[in-house]
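Now for the letters of each chain:
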Amino acid sequence: MSTAATALTDRFEIAGHPFNSRLIIGTGKYRSFDEMKAAHRASGAEMVTVAVRRVPLDHSSESFLDHLDPALQILPNTAGCYTADEAVRTARLAREALATEWIKLEVIGDQTTLFPDNEQTLEAARTLVKEGFIVLPYFTDDLIVAKKLLDAGCAAVMPLAAPIGSGLGVQNPTNLRIMREQLPDATIIVDAGVGTASDATIAMELGADAVLMNTAIAEAEDSEKMATAMRLAIEAGRLAYRSGRMNKRLYASASSPTANLIK
Amino acid sequence: MQVQINGEARELSQDRILLSDLISDLALVPQRIAVEVNQKLARRAEWDELLIVDGDRIEIVHFVGGGTEER
């Protein structure tokens, strides 16, 4: 079955909006706008994240958004926010400027580890959902928090694989598997900590609906090539997940008959 | 009057100024920026009605590449 045909039967939606690609990427840390655009194109991603920052007043600056492929859906994030209040204010500003209801909610609890503050994230999520936002919250891979975020009305949950920018890959596969099993209808998007293609494949094999990444592509020596690798990795991981993999066995199991051997 | 814009104190010659005029004076392109006055979102439709007065704190933001950055 062609990739396009597979996409038709294996629908991916966030808040009822269909996507062909299960890869969402960021816009940070690229060496140049050209590199970023090439990587974005190679990734096949349909949605990219951007951050909200003060406009520099002392010099005119071109709009960063002009460097993005106009076909991409822009997902503003609340990067840099440490409290629910800051995140809510940032989300409102982003919505006003972009005329989008979508917001990637990031509320960080600690500057060194950049781990999310789940409590503040939950608080911000509740407020933003009430204000009509489509909230995609980033959090640690905690099932109980996931349930609370979904009950609050978040469109998806985005558990981290590993700390932001660490490139360590999924550190707690068991947690992700449990989350998938316990929340069969939730949209689960693994966000943060992916480093290379196999990490993305593993995330999809564990049952993630999509993967969000930035550093893994932007900091690869050849970001365009890595973006292609990620696209393929996520397709492969998703197919494997849907294939119903074989069971693991402790002992070998011969794959050819043991009768009629020559002696 | 004195106001704060993006965390910096600014002296303005006017006693009061419409937000739309202030943005125009700052030579900012209205598209794809958003503004807060005293921690409250100022919708674009309100800019030419919202009066900025002495002591107001204004945040003007736009979009940049990136997410939460690691150290």
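Residues numbered from 1 in each chain as written. Chains lettered and ligands numbered in written order. Predicted model: local features only at pLDDT ≥ 70, side-chain atom pairs only at ≥ 80, totals over all residues.

1. Looking at the overall build of chain A
Next up, step 1: A tally of regular secondary structure across chain A gives nine helices and ten strands.
Next up, step 2: Each principal axis of the C-alpha atoms in chain A carries an extent, and together these give about 85 × 40 × 35 Å.
Next up, step 3: Sorting the 263 residues of chain A into buried and exposed places 44% on the buried side. (Helix = DSSP H or I, 4+ residues; strand = E, 2+ residues; numbered from the N terminus. Buried ≥ 20, exposed ≤ 12 C-beta atoms within 10 Å, placed from the backbone.)

2. Points about the overall build of chain B
Next up, step 1: Assigned secondary structure in chain B consists of one helix and seven strands.
Next up, step 2: When the elements of chain B are put in sequence order from the N terminus, they spell out β-β-β-α-β-β-β-β.
Next up, step 3: Seen through its principal axes, chain B has C-alpha atoms that stretch 45 × 25 × 20 Å.
Next up, step 4: Taken across its 71 residues, chain B has 28% of its residues classed as buried.
Next up, step 5: For chain B, long-range pairs separated by at least 24 residues make up 57% of all intrachain contacts whose partners lie at least 6 apart in sequence. (Contact = placed C-beta atoms within 7 Å.)

3. A look at helix α4 (residues 118-130) of chain A
All names here are of chain A.
Next up, step 1: The terminal C-alpha atoms of α4, which comprises 13 residues, lie 18 Å apart, in line with the 18 Å expected from a rise of 1.5 Å per residue.
Next up, step 2: If you check which residues of α4 are buried, you get Asn118, Gln120, Thr121, Leu122, Ala124, Ala125 and Leu128.
Next up, step 3: Buried positions along α4 lie against α3 (84-98), β6 (102-105), β7 (134-139) and α5 (143-151).
Next up, step 4: Remark: Gly132 follows α4 within two positions and exhibits a positive phi of approximately 90 degrees. (Expected span 1.5 Å × (residues − 1).)

4. Observations concerning the pairing of strand β4 (residues 34-37) of chain B
Successive residues of a regular strand alternate their side chains across the two faces of the sheet.
Residues and elements named next belong to chain B.
Next up, step 1: One ladder, built from four bridges, connects β4 with strand β7 (residues 57-65); its direction is antiparallel. Within the sheet, the bridge partner assigned to Glu36 lies in β7 and is Glu59.
Next up, step 2: With three bridges connecting them, β4 and strand β5 (residues 40-42) associate as antiparallel partners. Its bridge partner being in β5, Val35 is matched across the sheet by Ala42.
Next up, step 3: Taken together, β4 and the strand that follows it, β5, pair antiparallel across an intervening segment of two residues, in which Asn38 is found at a positive phi of about 50 degrees. (Pairing = 2+ DSSP bridges.)

5. Comments concerning the confidence of the model for chain B
Next up, step 1: Considering every residue of chain B, the mean pLDDT works out to 93; 96% of them sit at 70 or more.
Next up, step 2: For this predicted complex, the interface score ipTM comes out at 0.92, while the overall pTM is 0.93. (pLDDT = per-residue confidence, 0-100.)

6. Considering the interface of chain A and chain B
Next up, step 1: Listed by partner, the interface residues are 34 residues for chain A and 26 residues for chain B.
Next up, step 2: Those elements that place two or more of their residues in the side of chain A that touches chain B are β4 (47-54) and α3 of chain A.
Next up, step 3: The residue inventory of the side of chain A that touches chain B, partitioned by class, reads 16 nonpolar, twelve polar and six charged.
Next up, step 4: Pairing geometry for β4(A) and β7(B), over five bridges, is antiparallel. Bridge assignment links Val52(A) to a residue of β7(B), and that residue is Phe63(B). (Nonpolar A, V, L, I, M, F, W, Y, C, P; charged D, E, K, R; others polar.)

7. Structural notes on helix α9 (residues 223-243) of chain A
An α-helical turn contains 3.6 residues, so any two residues separated by three or four positions project in the same direction.
Next up, step 1: Taking 1.5 Å of rise per residue, the 21 residues of α9(A) would be expected to cover 30 Å, and the 30 Å separating its terminal C-alpha atoms lies within 8% of that figure.
Next up, step 2: For α9(A), the set of buried residues is Ser223(A), Met226(A), Ala227(A), Ala229(A), Met230(A), Arg231(A), Ala233(A), Ile234(A), Glu235(A), Gly237(A) and Arg238(A).

8. Notes on the sheet that holds strand β8 (residues 158-159) of chain A
Residue and element names in this part refer to chain A.
Next up, step 1: Taken together, three strands build an open sheet; the order of strands is β6-β7-β8 and the sheet is parallel. Strands at the two margins of the open sheet, each flanked by one partner only, are β6 and β8.
Next up, step 2: The pairing of β6 with β7 spans four bridges and is classified as parallel. Its bridge partner lying in β7, Trp102 is registered against Ile134.
Next up, step 3: Docked against the sheet, α4 engages β6 and β7, running at close to 180 degrees with respect to β7. (Axes fitted to C-alpha atoms, helices over the stretch in contact; angles between N-to-C directions.)

9. Some words on the pairing of β7(B)
All names here are of chain B.
Next up, step 1: Burial analysis of β7 places seven of its nine residues in the buried class, which makes it a mostly covered element.
Next up, step 2: With two bridges connecting them, strand β1 (residues 2-5) and β7 associate as parallel partners. Looking across to β7, one finds that Gln4 is bridged to Arg57.

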